Amino acid sequence: MVIVTHGGKFHADDAWAVAVLLILFPEAELVRTRDPATIAAGDFAVDVGGIWDPASGRFDHHQKGFEGARQNGVPYASAGLVWRDYGARCVAALARVHAGRTLDEDTARQIAYAIDADIVQYLDLSDVGASKNAPGGYGLSAVISGYNPNWMDEQRLGYGAEAEAYRTGQFRRAMAVLTDIMINAVKYRVGALLAVEQVRGAEVLEGGRVVFLKNGALPWSAVVRKEMPKVLFVISYNVAEERHMIHTVPVSPESFEARADLPAAWAGLRDAELAAVTGVADAGFCHNGRFIASAKSYDGIRSMAHLALEEVDRLASSIPHAHSA
């Protein structure tokens, strides 16, 4: 199998597109050229050739009359064209190898769609001149563009076979970076999906107002916020630090405001001082912002959670209620 893309300067969109195809077809030969006969003979022609026809492996967007765009209006360049047809397969392959998970087609498609929204469409926007990279010129497209030889490299290497070999090596380095980004994006999203299942199945304590997670590394905030309106505190075991934690539940992703704060008397205290106030011998610390605290043992953190709920109830009962006349 032969994957053909253009020679000369490369961009993030063609590097991403070819990287996707090489993940799925690792034995394929990569050819960088603008020779029409070589392009026509390739199994895939990416960002070159003047044809968009996925069935025959043609993924170019430079031809006159090309109007391919996403439903949100963001135009396609070669990254998006290849991802549109091969993204879900690529996600499934990466999940299998790097996360040890077999995804069903719908899940793989949903993750591919999310990665398009987060990453791929910005590579396309940059390539077609519709969007700047990022403040300071270090968006992903600009970083990848920086792998191209500059004029000093060309002056040193000349403009023949040696220079093109160097450029192809740089293209492969750029693809390696983008492949790592793909892997990380897939692992993150697979991990988030698995975390949702575990958080939903976590032990619920204190009449439904506390959740206990055996692994504190699980991303729990979104699930608790959206699906567990009664939960005021999350307790968890921090495996790396071998201690238990109690966390408040933020009211929104953007806010530091919590459904309930830890007791004001705990704020900023550590060790013996916190133990004296709480009566919990192995209490560790309470952040001055009253959103997280620790204890060594499970019993200790359970006691702190109970005390925190008692304080919430005490404050609630002290608020005067309006009486009708």
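Residues numbered from 1 in each chain as written. Predicted model: local features only at pLDDT ≥ 70, side-chain atom pairs only at ≥ 80, totals over all residues. Heavy atoms only, no water.

Draft legend 1. Examining the nonpolar core more closely. One finds W16, W83, Y86, V91 and I115 to be the most contacted residues of the largest nonpolar core, which totals 50 residues. Sorting the residues of this core by element identifies helix 1 (12-24), strand 3 (44-46), helix 3 (78-98), helix 4 (105-127) and helix 7 (161-200) as the ones contributing at least two each. With 11 residues, the top contributor of residues to this core is helix 3. If sequence neighbours within four positions are ignored, I115 has contacts with W16, W83, V91, V120, A185, V186 and R189. Core analysis: the next-biggest nonpolar cluster, separate from the first, contains 23 residues, L232, F233, A260 and C286 among them. (Core = buried A, V, L, I, M, F, W, Y, C linked by side-chain atoms within 4.5 Å. Buried < 20%, exposed > 50% of the residue type's maximum accessible area, 1.4 Å probe, protein only. Helix = DSSP H or I, 4+ residues; strand = E, 2+ residues; numbered from the N terminus. Contact = heavy atoms within 4.5 Å.)

Draft legend 2. Looking closely at the packing of aromatic side chains. All told, the structure shown has 9 aromatic pairs when counted by the stated rule. Ring geometry for W16 versus W83: centroids 5.5 Å apart, planes at 65°, classification edge-to-face. Residue W16 is found in helix 1, and its partner W83 is found in helix 3; the two are separated by 67 residues along the sequence. Of the two residues, W16 and W83, neither departs from the other in class, the shared state being buried. Considering the side-chain rings of F59 and Y86, the 6.2 Å spacing of their centres and the 75° angle between planes classify their relative orientation as edge-to-face. Of this pair, F59 sits in strand 5 (residues 58-59) while Y86 sits in helix 3, and the two are 27 residues apart along the sequence. On the basis of relative accessibility, which here comes to 0%, the residue F59 falls in the buried class. Aromatic ring contacts, followed pair by pair, group F25, F44, F59 and Y86 into a single cluster. Note that R156 overlies the ring of Y166, its terminal NZ or CZ placed 5.7 Å from the centroid. (Phe/Tyr/Trp six-rings, centres within 6.5 Å; stacked < 30°, edge-to-face > 60°. Lys NZ or Arg CZ within 6 Å of the ring centre and 35° of its normal.)

Draft legend 3. Up close: the sheet that holds strand 8 (residues 233-238). Spatial strand order, 6-7-8-9-11-10: 6 strands in an open sheet with mixed pairing. Strands at the two margins of the open sheet, each flanked by one partner only, are strand 6 (203-205) and strand 10 (283-286). Neighbour-to-neighbour, the strand axes of the sheet open up by a mean angle of 20°, direction not taken into account. Pairing analysis gives 3 bridges linking strand 10 to strand 11 (residues 292-295), with the strands arranged antiparallel. Bridging from a neighbouring strand, F285 pairs with S294 of strand 11. (Pairing = 2+ DSSP bridges. Axes fitted to C-alpha atoms, helices over the stretch in contact; angles between N-to-C directions.)

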